[in-house]
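Each chain is listed here by its residues.
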Amino acid sequence: MKTEEKDKLLDKYYKGETTIEEERWLKNEILLEENQTSEQDIFGFFNSESSVPEDLEKTIFDKIEQTAQPNKIVKMRWFRFASVAATIVILLTAYLGYREMRNTKLENEFLVMEKALYQVSQNIQPKEQEDMLILWVGEDVIIIN
């Protein structure tokens with residue numbers, strides 16, 4: 001009777017229809033058999049391989065950390081490069097903005113000075129001679145009639 005029940009359970013096992021309790025009973029019965037069968041080899045292999053090594057968790061985490069370290073280093077290098085590039089862009093923008101502001105200020109001062117000199121030349125010219133030209137060369141003033 002046991003062999004018929006065992007054969008039915010083996011058929012159910014190979015079809016994937018057994019419960020956990022049936023699989024345990026089948027494994028125990030097959031491993032207790034005295035004659036060598038292929039099922040005994042299979043269940044013996046599963047039995048020996050089903051135990052989890054004690055240091056498995058540590059081994060897994062060590063492997064994960066080893067693979068994560070290079071990525072972390074690459075990310076840190078990328079972050080440093082991006083930080084340096086951003087700093088250079090900010091400094092360059094600030095310098096160019098300052099330079100443009102200084103040039104604009106100089107141009108405005110030049111325009112004010114040009115207007116002032118034009119007014120001075122208008123006031124210095126006699127009324128009867130409209131074609132007189134006044135030139136400033138260095139610190140010298142040259143009047144051309």
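Before reading on, note that the structure itself is shown above.
What comes next is a walk through the structure. Model, not experiment: these values are computed from the prediction. (Residues numbered from 1 in each chain as written. Predicted model: local features only at pLDDT ≥ 70, side-chain atom pairs only at ≥ 80, totals over all residues. Heavy atoms only, no water.)

## Quick notes on the pattern of salt bridges
Inference 1: The tally for this structure, following the rule as stated, stands at two salt bridges.
Inference 2: Between E22 and K12 there is a salt bridge; the shortest N-O distance is 3.3 Å. Note that E22 is positioned in helix 2 (residues 20-32) and K12 in helix 1 (residues 2-15), a separation of ten residues in sequence.
Inference 3: For K12, a relative accessible area of 30% translates into the label partly exposed.
Inference 4: Here K58 makes a salt bridge to D62, at a shortest N to O gap of 3.1 Å. Residue K58 and its partner D62 are located together in helix 4 (residues 56-124), separated by four residues, close to a single helical turn.
Inference 5: Here K58 falls in the exposed class, since its relative accessible area comes to 55%.
Inference 6: Classification of D62 by relative accessible area gives partly exposed; the value is 30%. (Salt bridge = Lys/Arg side-chain N within 4 Å of Asp/Glu carboxyl O. Helix = DSSP H or I, 4+ residues; strand = E, 2+ residues; numbered from the N terminus. Buried < 20%, exposed > 50% of the residue type's maximum accessible area, 1.4 Å probe, protein only.)

## Considering the nonpolar core
Inference 1: Among the nonpolar cores identified, the biggest contains five residues, and these are L9, L10, L26, I30 and F43.
Inference 2: Of all the secondary structure elements, the ones that give two or more residues to this core are helix 1 and helix 2. (Core = buried A, V, L, I, M, F, W, Y, C linked by side-chain atoms within 4.5 Å.)

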